Amino acid sequence: MDSSHASTAVAEQDSAVQTAIAQLFGPDGRADPYAPARVLREAGPVHQTPLGHHLLTRYDDCVAVLSTTAWSHAEEAGMMHPTVKPEDAPEELPTSFLWMEPPDHTRLRNLVTKGFTPRMVTRLRPRIEELTEQLVDTALESGEFDLVELIAYPLPLIIACELIGVPKEAYQQVHQWSQDLARGFDHDYTLPEEALKARSAGSRGFMGYFRELLNERRKDPKDDLLSVLSQVEDRGDVLTEQELLATCITTFVAGHETTANLIGTGMLQLMRNPDQIAALRARPELIPATPDELLRLEPSVQITTRAATRPITVAGHDFEQGEGVVVLINSANRDDAAFPDSDRIDVARYSDPKNPAKKHLGFSLGIHYCLGAPLALLEMEILLEVLLRKVRDIELLTDTPPYKPNVVIRGLEALPTRFTPA
Ligand code: HEM
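The rules behind these values
Residues numbered from 1 in each chain as written. Predicted model: local features only at pLDDT ≥ 70, side-chain atom pairs only at ≥ 80, totals over all residues. Heavy atoms only, no water. Helix = DSSP H or I, 4+ residues; strand = E, 2+ residues; numbered from the N terminus. Rg over C-alpha atoms; globule rule 2.2 N^0.38 Å. Buried < 20%, exposed > 50% of the residue type's maximum accessible area, 1.4 Å probe, protein only. Areas by Shrake-Rupley, 256 points an atom, 1.4 Å probe, with all protein chains shown as cover. Core = buried A, V, L, I, M, F, W, Y, C linked by side-chain atoms within 4.5 Å. Contact = heavy atoms within 4.5 Å. Near = heavy atom within 4 Å. Polar contact = N/O pair within 3.5 Å; in protein donor to acceptor, adjacent residues only side chain to side chain. Nonpolar A, V, L, I, M, F, W, Y, C, P; charged D, E, K, R; others polar. Donors = N, O, S within 2.8 Å, 3.2 Å for Na, K, Ca; no water. Axes fitted to C-alpha atoms, helices over the stretch in contact; angles between N-to-C directions. Parallel < 35°, antiparallel > 145°, perpendicular 65-115°, else oblique. Left-handed = near helix turned anticlockwise from the far one by under 90°. Phe/Tyr/Trp six-rings, centres within 6.5 Å; stacked < 30°, edge-to-face > 60°. Pairing = 2+ DSSP bridges. Salt bridge = Lys/Arg side-chain N within 4 Å of Asp/Glu carboxyl O.

Enquirer: Hey, could you run me through the overall build of the chain in this one?
Expert: Looking only at helices and strands, the chain has 18 helices and 10 strands in total. Against the 2.2 N^0.38 benchmark of 22 Å for 422 residues, the chain shows a C-alpha radius of gyration of 22 Å, consistent with a compact globule. Projecting the C-alpha coordinates of the chain onto the three principal axes gives extents of approximately 75 × 55 × 45 Å. Split into buried and exposed, the 422 residues of the chain put 55% on the buried side. By element, 54% of the accessible surface of the chain is carried by carbon and sulfur atoms, the whole surface being about 18,300 Å².

Enquirer: Just to check I follow, could you spell out the nonpolar core for this structure?
Expert: Side chains that are nonpolar tend, in soluble globular proteins, to be buried together. If you look at the biggest cluster of nonpolar residues, it comprises 100 residues, and the most contacted ones within it are Ile 151, Phe 210, Met 267 and Phe 419. For this core, the element with the highest residue contribution is helix α14 (residues 241-272), accounting for 13 residues. Apart from residues lying up to four places away in sequence, Met 267 is in contact with Leu 147, Leu 262, Met 380, Leu 384, Leu 387, Ile 394 and Leu 415. Formed by 21 residues, the second largest nonpolar core is a distinct cluster that contains Val 65, Ala 70, Ala 332 and Ala 338.

Enquirer: Hey, could you run me through the site of the ligand in this one?
Expert: Around the ligand sit 26 residues, and of these His 105, Thr 304, Ser 364, His 368 and Cys 370 come closest. Arg 306 is positioned with one of its side-chain polar atoms (N or O) 2.7 Å from an oxygen atom of the ligand. Ser 364 places a side-chain nitrogen or oxygen 2.7 Å from an oxygen atom of the ligand. Of all elements in the fold, only α6 (104-113), α14 and β5 (303-308) reach the threshold of two or more residues within the shell around the ligand. Classifying every residue of the shell around the ligand gives 12 nonpolar, 12 polar and two charged.

Enquirer: Help me out: how do you make sense of the coordination of the iron atom of the ligand in this one?
Expert: Perfect tetrahedral coordination of a metal by four donors corresponds to 109.5 degrees between them, and perfect octahedral coordination by six donors corresponds to 90 or 180 degrees. Looking at the protein side alone, the iron atom of the ligand has one donor only, Cys 370 (SG), at 2.3 Å. Tracing the backbone through its elements, the reader meets Cys 370 in the loop between α17 (329-332) and α18 (373-390).

Enquirer: It is not clear to me how the packing of helix α11 (residues 171-183) against α14 should be interpreted in this structure. Could you clarify?
Expert: Between α11 and α14, the shortest axis-to-axis distance is 10 Å and the interhelical angle comes to 85 degrees. Relative to α14, the element α11 lies roughly perpendicular. Each of Val 174, His 175, Ser 178, Gln 179, Leu 181 and Ala 182 in α11 lies in contact with α14, whose residues at this interface are Ile 249, Phe 252, Val 253, His 256 and Glu 257. Looking at the contact of α11 with α14, its residues break down into six nonpolar, four polar and one charged.

Enquirer: Can you walk me through the packing of α11 against helix α12 (residues 193-219) in this structure?
Expert: The axes of two packed helices give the description: the angle between them and the distance between them. The geometry of α11 relative to α12 is characterised by a closest axis approach of 8 Å and an angle of 135 degrees between their N-to-C directions. The angle between α11 and α12 falls in the class oblique. The two elements α11 and α12 meet at a crossing, and its hand is left-handed. For the pair α11 and α12, the contacting residues are Val 174, Trp 177, Ser 178, Asp 180, Leu 181 and Arg 183 in the first and Ala 195, Ala 198, Arg 199, Ala 201, Gly 202, Ser 203, Gly 205, Phe 206 and Tyr 209 in the second. Looking at the contact of α11 with α12 residue by residue, the class counts come to eight nonpolar, four polar and three charged.

Enquirer: Help me out: how do you make sense of the packing of aromatic side chains in this one?
Expert: Any pair of aromatic rings gets described here by the distance separating the centres and the angle formed by the planes. Applying the stated criterion to the full structure yields 10 aromatic pairs. Taking 5.2 Å as the distance between ring centres and 80 degrees as the angle between the ring planes, the aromatic pair formed by Trp 71 and Phe 319 counts as edge-to-face. Taken together, the residues Trp 71 in strand β3 (residues 71-72) and Phe 319 in strand β7 (residues 317-319) connect sequence positions 248 residues apart. The pair Trp 71 / Phe 319 is uniform in exposure class, with both members buried. Judged by centre distance (6.2 Å) and plane angle (50 degrees), the rings of Trp 177 and Tyr 209 are tilted.

Enquirer: I tried to follow the sheet that holds strand β1 (residues 46-48) on my own but got confused; where do I start?
Expert: The strands making up a sheet associate through hydrogen bonds between their backbones, and the pairing can be parallel or antiparallel. Across the sheet, which stays open at both edges, the five strands sit in the order β1-β2-β8-β5-β3 with mixed pairing between neighbours. Both outer strands of the open sheet, β1 and β3, are each paired with one neighbouring strand and no more. Here helix α3 (residues 59-66) sits on the sheet and contacts β2 (54-56), β3, β5 and β8 (324-328); the angle it forms with β8, its principal contact strand, is near 130 degrees.

Enquirer: I would appreciate a short explanation of unusual backbone geometry in the present structure.
Expert: Negative phi values dominate among residues other than glycine, just as trans dominates among peptide bonds. The omega torsion across Pro 102 and Pro 103 is 5 degrees, close enough to zero to call that bond cis. Looking at the secondary structure, you find Pro 103 in the loop between α5 (89-92) and α6. The phi torsion at Ala 315 lies on the positive side, around 55 degrees, for a residue other than glycine. Note that Ala 315 resides in the loop between β6 (312-314) and β7.

Enquirer: Where do I start with helix α16 (residues 290-297) in this structure?
Expert: Because an α-helix completes one turn every 3.6 residues, residues spaced three or four positions apart along the sequence face the same direction. Within α16, eight of the eight residues are buried, which leaves it mostly tucked inside the rest of the structure. Where α16 is concerned, the buried positions are Thr 290, Pro 291, Asp 292, Glu 293, Leu 294, Leu 295, Arg 296 and Leu 297. Tucked into the core, α16 has its buried residues touching α2 (34-43), α14, α15 (274-282) and α18.

Enquirer: Help me understand the pattern of salt bridges, please; the structure alone is not making it clear to me.
Expert: A side chain of one charge can pair with a side chain of the opposite charge if their charged atoms are brought near each other. Across all of its chains, the model carries 29 salt bridges by this definition. Note that Arg 199 and Asp 188 form a salt bridge whose closest N and O atoms lie 3.0 Å from each other. Note that Arg 199 is positioned in helix α12 and Asp 188 in the loop between α11 and α12, a separation of 11 residues in sequence. Of the two residues, Arg 199 and Asp 188, both sit in the buried class. Shared partners join several salt bridges into a network, and the residues in it are Arg 38, Glu 42, Arg 334, Asp 336 and Asp 343.

See below:
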């Protein structure tokens with residue numbers, strides 16, 4: 001190839017890469033961020049965005065970043081939310097342990113971990129089953145309905161509220177605040193003014209409301225996470241009120257929106273692939289590991305970010321100390337080098353003990369690995385069990401269900417569905 005052809009090819013690749021980046025983060029890219037992610041992955045392991053951020057596309061490189069303390073989640077906050085001034089942070093975006101590093105991260109995470117032991121999650125099974133049956137029965141009575149509205153949101157919302165200790169009359173309000181905060185995980189640069197305002201209002205609303213509930217629990221403790229944490233706070237040196245409030249809010253938002261999105265996008269994939277529903281009916285022993293395959297294909301948290309704590313080389317790129325990187329979970333989870341035939345849904349992928357699939361990055365890795373993963377997986381698993389038992393036909397009523405505008409915490413706005421009873 002002569003040099004003019006070579007430079008044309010580079011220019012074409014650059015423009016394909018820039019188009020893919022625009023699609024991945026732009027408003028039209030919600031339905032299928034995986035096609036542009038593939039373009040980027042095939043073009044190279046690392047790309048620079050117009051904002052100067054570096055994107056990592058390949059599984060092994062994303063694993064390398066997430067699993068080492070050479071990369072921190074603490075120092076990158078300004079990268080995604082440059083409009084939040086540090087002096088505003090306590091009220092506007094309280095810093096939870098999601099954005100801390102040891103030793104503070106360890107201290108706070110250990111406290112919440114007490115509320116999420118595998119034993120406690122297993123104890124929730126009967127309650128999740130009861131609630132799921134009620135929600136599915138209501139949907140069956142409607143026949144045609146929006147699965148996001150009737151199942152995907154209420155199931156994790158009600159379980160999270162019961163666990164944390166939010167009373168029924170506040171469900172609607174905390175749901176709204178939670179949605180506004182989830183949208184606010186997107187880069188400030190991409191958010192319209194009203195979304196930034198809603199995020200601040202949601203954060204203030206949550207803080208004030210949880211402060212009130214906490215005062216009540218101090219006087220009159222109950223069997224919920226707020227009461228457990230309020231007693232720890234009383235010991236003063238372990239947890240400040242600000243940390244406690246931020247911890248409750250993060251646990252609520254991280255658990256509610258993400259699980260709702262897994263249920264919505266997960267059910268969409270199954271409805272688009274009826275052979276996979278048939279496989280689950282024929283071999284119900286595949287159900288427990290199916291949620292992992294659904295989340296690998298459609299990670300509710302599509303991207304995360306880290307900053308280098310020291311000079312370090314990843315994917316052949318030299319990062320300076322303090323430099324940020326965007327970990328494309330949506331790309332890593334569909335890297336054929338890690339997951340053969342990666343775009344294909346295979347409900348048996350995580351069920352074969354002789355040929356275990358690699359861990360997907362839907363719950364991240366390393367010290368920030370999702371604390372609620374067992375709960376989220378259990379809710380999805382129980383929903384599948386109940387659906388296969390009670391519903392004969394699960395039908396999708398549209399080819400193009402609408403998505404929320406969110407880039408980071410991505411999910412469906414609605415999922416028109418028809419159920420026929422078994
Ligand atoms: C499908 C559902 C869920 C998904 C996809 C999900 C995803 C994630 C991811 C990707 C992270 C790490 C972010 C990072 O490394 O930058 C995370 C952290 C976290 N998640 Fe989840 N999550 C889900 C459900 C839940 C639930 C149900 C809860 C609690 C009730 C929860 C609580 C948390 C908390 C507290 C953290 C912070 C952990 C830390 O920083 O040490 N999540 N989650």
